Amino acid sequence: MAESDDPKKVPRRDILGIAVGGSAAAFALAVVYPVARFVEPPTRPLGGPVVVGKLEEFPVDGAKMVSVNDRPVLILRGADGELRAFSALCTHLQCVVAYSAERRQIECPCHRGVYSLDGRNIDGPPPRPLDELVVSVNEGSVIVSSAS
Amino acid sequence: MRSASLLALLALVLALVGAPPNAFAQAESPEANAAEGEASQPALRDRHLPAPTNATNTCASCHATLTDPKLRAPAHDFAKSVHRDERIGCVACHKGDPRDPTVGAHSKAAGFNPHPTQAEVPGICGGCHSDAAFMRRLNGRLPVGQLELYSLSLHGRLTAAGDRNAPTCAVCHGKHDILSPSSPRAPVNRANVAKLCGGCHGDPEMMAKYGLRTDQYEKWTKSVHGQAFRAGNPNAPTCTGCHGAHSSAPPDASSVARACGRCHEEEMGFFEQSPHSQGFRERGLAQCVACHSNHDIAPATALLVGTTPDAACMKCHSHDEKPRKVADDIAALLRGARDKAAGARAEVAGAQEKGIHVAGASFALDRVATAEMRVRGVVHTLDPSKVGARVAAVETAANEVSQLVATAERTRKEERRGYYVALALASLLLATLTLKAFQLRRRRLGEP
Amino acid sequence: MSPQDERPAGWLADRVGWAGIVARLSTHRAPRRSFVFYLGGITLFLLFIQVLSGILLVLYYRPDPAHAHESVEQIIGELPYGNLIHAVHAWSSDLFVACLLAHMFTVVVRRSFRAPHELSWLSGLAALVIGIGLAFTGAILPWTEAAYTHARVGSQLAGKFPFFGEWLRRFLRGGDEVTLGTLGHAYGFHVAGLPACLTLVVAVHLFLLLRKPVIRTDAAEQETIPLYPEFIVRQAAAQVGVLVVIMTLAIFAQRNLGPAADPTQPTPVGAGPPWYMLPVHAIVRDAPTELLGIDGARFLVGIACFIAVLVAALPFLDRKGSRVTAWLAWTALLALSLLAVHALS
């Protein structure tokens with residue numbers, strides 16, 4: 001790299017060098033941004049067992065609808081505090097079922113199918129019980145995974 | 001100690017296995033023995049309950065060896081039938097003297113009847129099957145009302161009147177080879193009933209005498225009920241599901257809704273809220289059948305409702321202003337619901353085509369499908385406001401889907417925008433590098 | 001002593017001995033006008049992009065058949081910019097193999113393999129083989145229908161090699177059939193084994209070239225510029241251009257994943273090998289059943305292997321770098337292109 005004695009050239013060389021460095025840095029940022037967003041751990045877990053909430057959020061002797069891997073799942077908590085999880089898709093024609101507190105049963109709003117609190121089809125058109133999923137509690141968090 | 005109890009157990013097992021079966025039969029009906037002793041009381045139930053000995057069924061032991069197939073077949077068939085109980089035997093229907101091993105068993109004095117006539121058959125079968133005390137002992141599971149229902153039915157009344165075409169018990173259930181209705185080979189098994197009924201009811205010559213149509217079986221096969229039945233749906237009805245087995249009662253006009261409503265409960269409820277309920281009753285019109293037909297029930301689509309020529313409403317209301325308006329309103333609402341739901345699905349599919357993943361789409365589409373399903377039954381109320389309420393639920397669910405898709409597309413747009421930013425920066429970098437290259441070149445050339 | 005000392009970068013420059021490096025690099029010359037000369041650097045740059053995007057993908061990819069496809073779908077669908085990173089990796093893999101082949105082709109045509117560059121040539125060939133190996137194993141990882149077919153057909157093709165074909169087939173498959181063992185093997189090779197080998201080989205290749213740069217004697221290329229800073233600045237510009245091309249392809253050209261692999265289903269219609277395998281595919285597909293008593297496909301692949309050995313031995317066969325080699329190279333390119341087109345029909 002030959003040095004120039006012309007003082008006029010010195011500032012210009014510096015400026016272009018800075019320009020190259022600056023635009024390289026800016027472009028590098030534009031590359032690093034999506035990489036950083038990608039590497040950041042996602043808020044939702046990607047498959048496998050899913051945490052659906054804290055144990056306190058599930059009322060005793062009641063039920064709550066949650067989304068597990070983008071499918072409706074009904075979590076029932078018995079009077080004894082035990083949890084059970086069922087796919088909330090009716091086995092008749094896949095409507096989303098609902099829990100009825102007064103009648104203490106699971107009902108399908110489409111054709112009046114009825115399931116008992118352990119998922120068995122007890123009235124109406126459903127031909128099979130609801131699919132049951134595996135639910136467990138780990139350090140206060142309720143975790144649901146598909147039955148294996 | 002242990003080996004001794006083991007030996008005792010073994011002995012017990014052997015005793016149980018080796019004991020003759022008769023010993024059990026004997027143990028089972030002490031009443032029979034007691035009753036036999038009271039010969040002075042030939043109650044109905046004792047008429048054909050001889051003491052269970054090996055000599056009971058001498059009929060079969062002779063008939064099974066005969067060469068004439070017409071005489072041998074009944075014995076063979078009977079041995080495989082549901083009646084093959086020694087307490088029943090051939091004498092239950094044909095009577096005679098079972099204790100006589102010779103042809104003397106065909107004793108007219110003992111009431112021998114080799115060929116019961118058509119008129120006699122119901123009484124013979126009913127003699128046991130409508131005797132509650134008797135049936136309770138032999139098979140407590142079975143109902144005992146068949147004879148009574150049959151005699152009230154048209155089949156029974158025609159039989160009593162001597163119509164040769166009319167079916168008796170034997171025609172449907174068989175004579176000697178009667179199987180339990182739960183057996184898949186029984187003609188009256190649920191899977192085979194439609195073909196059984198269709199055997200006579202599909203015969204034009206036979207039915208011409210009664211002015212009955214003969215297309216019911218064919219129509220039912222093509223209907224939603226027939227298809228669901230063939231697909232193995234345990235809830236789908238065959239002939240007996242609506243008409244009953246022994247009652248053979250086509251529901252009359254005022255009770256059709258009850259027959260359909262046994263399964264389609266919600267629709268029946270909605271129908272009874274509507275003006276059609278009273279209107280049909282006053283005019284004696286067959287309720288559900290008027291729009292849905294009885295045997296060839298087609299899938300209920302939105303096409304049934306409206307003012308197009310083939311809409312069900314137009315069968316009666318083609319010139320009535322108010323009903324036409326209601327029909328149009330409801331048809332429009334149904335179209336709206338269908339379009340909304342289809343639109344939601346199309347939006348998600350379109351996004352996926354473009355490679356955009358829509359988070360939460362499946363759950364939201366499940367809710368749309370549920371809402372769409374719930375619009376169908378409420379149509380029977382003929383109340384546009386009630387139908388509209390359920391259609392509104394479909395719209396709400398579909399809007400949720402739209403929002404999810406919009407969010408996903410926004411994310412994709414951000415990415416595109418990011419690309420253009422990166423492209424601009426890359427161009428800037430390229431420009432500065434090019435300038436630098438020229439500068440270096442100039443310096444190189446400028447040197448001597 | 002130089003203005004560098006006063007700048008902040010001077011502190012680092014003094015510790016690294018930057019001045020010495022610069023002086024050394026400045027003595028190297030590069031042709032002033034040679035598009036071809038940029039190819040090597042572009043190939044290296046593409047490798048760098050592959051490594052970076054590959055490391056990012058490995059953070060979320062799950063290498064067992066039950067979850068492989070699902071994890072790739074999650075990367076594309078649910079992770080921010082996941083589809084971008086996946087597309088970059090997929091597109092630059094194709095570009096990498098293309099540049100490798102183009103780079104090798106130009107070296108043959110220009111006969112730059114002659115002494116003292118034989119080892120550079122051999123290390124470059126090794127890099128080519130490893131690079132194609134990376135492309136092959138990488139295509140299996142998404143475990144889509146196409147990937148599964150690719151694994152089966154590719155290892156089947158490998159079985160046609162003479163002498164070690166059967167062994168190679170079983171080696172690639174991790175057994176007799178394509179199973180989860182195959183996926184595991186492909187993953188291990190693609191992510192660890194082959195990159196390690198490639199790093200070593202590329203390091204050797206660059207080292208040798210720096211020690212013994214290729215000096216052209218053609219008149220057209222007498223005019224040279226210093227490697228540093230001029231050529232490097234131009235190379236940097238070219239690489240930014242390549243990056244722009246990849247970014248554009250990644251954003252605007254969809255590469256649909258396809259459905260998950262299902263070994264119980266028959267091979268889908270229209271399944272084909274990756275483009276760099278097309279000539280071999282054509283040979284194997286249309287080989288006569290028997291040639292001289294040996295399976296036709298094996299025979300032809302054997303011939304191809306023999307030719308490949310000749311190509312590898314070029315520096316020793318063509319010491320003077322005659323023009324015949326260049327003509328042969330062009331003819332070979334034509335033949336391979338025709339075979340590839342034929343394979344597609």
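Residues numbered from 1 in each chain as written. Chains lettered and ligands numbered in written order. Predicted model: local features only at pLDDT ≥ 70, side-chain atom pairs only at ≥ 80, totals over all residues. Heavy atoms only, no water.

J.: Mind laying out the packing of helix α18 (residues 265–273) of chain B against helix α19 (residues 275–283) of chain B, listing which residues take part and the relevant values?
T.: Residues and elements named next belong to chain B. The contact between α18 and α19 brings their axes to 4 Å, and the two run at 75 degrees. Between α18 and α19, the interaxial angle falls into the category roughly perpendicular. Across from Phe271, Glu272 and Gln273 in α18, the residues of α19 making contact are Pro275, His276, Ser277 and Phe280. Tallied by class, residues from the contact of α18 with α19 come to three nonpolar, three polar and one charged. (Axes fitted to C-alpha atoms, helices over the stretch in contact; angles between N-to-C directions. Helix = DSSP H or I, 4+ residues; strand = E, 2+ residues; numbered from the N terminus. Parallel < 35°, antiparallel > 145°, perpendicular 65-115°, else oblique. Contact = heavy atoms within 4.5 Å. Nonpolar A, V, L, I, M, F, W, Y, C, P; charged D, E, K, R; others polar.)

J.: Explain the state of the cysteines to me, and be specific about the residues and the numbers.
T.: Counted under the stated rule, the structure contains one disulfide over all chains. Linked covalently through their sulfurs, A:Cys95 and A:Cys110 form a disulfide whose S-S length is 2.1 Å. Judged by the sign of its S-S torsion, about -95 degrees, the cystine formed by A:Cys95 and A:Cys110 is left-handed. In this pair, A:Cys95 sits in the loop between β4 (83–87) and β5 (98–100) while A:Cys110 sits in the loop between β6 (105–107) and β7 (114–115), placing the two residues 15 residues apart along the sequence. Overall, the relative accessible area of 2% leaves A:Cys95 in the buried class. Looking at the unpaired B:Cys200, the closest cysteine sulfur is the one in B:Cys172, lying at 7.3 Å. Left without a disulfide partner, B:Cys291 is nearest to the cysteine sulfur of B:Cys313, which lies 6.7 Å away. (Disulfide = S-S within 2.5 Å. Buried < 20%, exposed > 50% of the residue type's maximum accessible area, 1.4 Å probe, protein only.)

J.: Before we move on, can you summarise the interface of chain B and chain A with the specific residues and values?
T.: Between chain B and chain A, the residue contacts involve 25 residues of the former and 29 residues of the latter. Contact between chain B and chain A buries roughly 2,400 Å² in total, counting both sides, with carbon and sulfur atoms accounting for 63%. Inspection of the region where chain B meets chain A yields two salt bridges. One salt bridge in this structure joins B:Glu265 and A:Arg112, with 3.1 Å as the shortest N-O distance. Counting across the chain B and chain A interface gives ten residue pairs in polar contact (both at pLDDT 80 or more). Breaking the side of chain B that touches chain A down by element, the ones donating at least two residues are α18, α23 (361–378) and α24 (384–446) of chain B. Considering every element that reaches the side of chain B that touches chain A, the biggest residue donor is α24(B), with twelve residues. Residue composition of the side of chain B that touches chain A, grouped by class: ten nonpolar, six polar and nine charged. (Buried area = accessible area lost by both parts, 1.4 Å probe. Salt bridge = Lys/Arg side-chain N within 4 Å of Asp/Glu carboxyl O. Polar contact = N/O pair within 3.5 Å; in protein donor to acceptor, adjacent residues only side chain to side chain.)

J.: Report on the pairing of strand β10 (residues 141–145) of chain A, specifying residues and quantitative values.
T.: Residues and elements named next belong to chain A. Of all five residues in β10, four are buried; the element is thus mostly enclosed. The sheet contact formed by strand β1 (residues 50–54) and β10 spans four bridges and is antiparallel. Looking at the pairing, Lys54 lines up with Ser141 of β10. Across five bridges, the pairing between strand β9 (residues 132–138) and β10 is antiparallel. Each bridged residue has a counterpart across the sheet, and for Val134 the counterpart in β10 is Ser145. Taken together, β9 and the strand that follows it, β10, pair antiparallel across an intervening segment of two residues, in which Glu139 is found at a positive phi of about 50 degrees. (Pairing = 2+ DSSP bridges.)

J.: Explain the sheet that holds strand β8 (residues 121–123) of chain A to me, using residue names and the numbers behind them.
T.: All names here are of chain A. If you trace the four strands from one edge of the open sheet to the other, you get β5-β6-β7-β8, paired in antiparallel fashion. Sheet topology places β5 and β8 at the edges, where each strand pairs with a single neighbour. Two elements, β5 and β6, share three bridges in a ladder whose sense is antiparallel. Within β6, the residue paired with Tyr99 across the bridge is Ile106.

J.: Help me get a handle on the sheet that holds β4(A), residues and values and all.
T.: Residues and elements named next belong to chain A. One open sheet holds the six strands; their spatial order is β1-β10-β9-β4-β3-β2, and the pairing between them is antiparallel. The open sheet has two edge strands, β1 and β2 (62–68), and neither has a second partner. On average, each strand axis in the sheet is tilted by 30 degrees relative to the strand beside it, whichever way the strands run. Alignment of β2 against strand β3 (residues 71–77), held across seven bridges, turns out to be antiparallel. Residue pairing in the sheet places Lys64 in a bridge with Ile75 of β3.

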